[in-house]
Amino acid sequence: MKQFALGLALVAASAFSATAQAIPLSELSEYLNGIDRAQASFTQISDDGAIATGTLFLHRPGRMRFEYDDDENLLVMAGGGQVAIFDGRSNTRPEQYPLRRTPLNLILARDVDLGRSGMIMSHDGDGTSTRVVAQDPDEPDIGTITLVFTGEPVELRQWVVTDANGFQTTVILQELEQDVRLPPRYFNIPNELRTRGLTE
């Protein structure tokens, strides 16, 4: 746990050093728009310091899936314009809300444009990493997302979602493997409800 915390601190320390060496927003937008289907191992750090690991599956636009190593029944899924959080320890229906009401919608959008007016709150780099803090100009009350990229080639390495109450969830990615085959059921919330016997 100390190693994860130290690694996070080092990334944050380098990202906070603002210089003119940040990767341009247009290049970052082009990179995000170029992601179609991808997967990566991740480490998640919650606001209370709890650490979890798992595998992220991403299918732009609008689809994402977090599978957790320690609890195979815990699942976060985005698809069909919704986000659902399935708790394997509960027989109740998942917590569910519109994807547009989460800052993750900014990187799952069909056309990511980080240069859009009112979206970027800060944009800086230190020659090693570039840090962008963004909000949805149409939904500024839902919180922000901080994206950390490395360059040569550009790669998304980390994000931090800060919700409307100020609680933060950090996701640190291993290498993002692109152009992978992902079954449609990975992002089908109604199908997951049926599989778990949670349909009415």
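Bear in mind that the values here come from a model prediction, so they are computed numbers and not experimental data. (Residues numbered from 1 in each chain as written. Predicted model: local features only at pLDDT ≥ 70, side-chain atom pairs only at ≥ 80, totals over all residues. Heavy atoms only, no water.)

Undergrad: Teacher, can you tell me more about the overall build of the protein chain here?
TA: A tally of regular secondary structure across the protein chain gives four helices and twelve strands. When the 200 residues of the protein chain are sorted by exposure, 42% land in the buried category. Restricting the contact set of the protein chain to residue pairs at least 6 apart, pairs at least 24 apart contribute 51%. Only carbon and sulfur atoms are counted for the fraction: they give 47% of the accessible area of the protein chain, which is about 10,700 Å². (Helix = DSSP H or I, 4+ residues; strand = E, 2+ residues; numbered from the N terminus. Buried < 20%, exposed > 50% of the residue type's maximum accessible area, 1.4 Å probe, protein only. Contact = heavy atoms within 4.5 Å. Areas by Shrake-Rupley, 256 points an atom, 1.4 Å probe, with all protein chains shown as cover.)

Undergrad: What is the right way to look at the confidence of the model for the protein chain in this model?
TA: Low-pLDDT stretches of the model should not have their predicted coordinates read in fine detail. With 90% of its residues at a pLDDT of at least 70, the protein chain reaches an overall mean of 88. Under a pLDDT of 50 for its full length, residues 2-19 has, in the predicted model, 23 contacts with residues more than four places off or in other chains. (pLDDT = per-residue confidence, 0-100.)

Undergrad: Quick question: what am I supposed to make of helix 2 (residues 25-33) here?
TA: Turning to helix 2, its buried residues number three or more, namely Leu-28, Ser-29, Tyr-31 and Leu-32. Down the axis of helix 2, the buried set is contained in an arc of 160°. They therefore lie on one face. Turned more than 90 degrees from where helix 2 packs its buried face, Ser-26 and Glu-30 sit exposed. (Arc of directions from axis to C-beta.)

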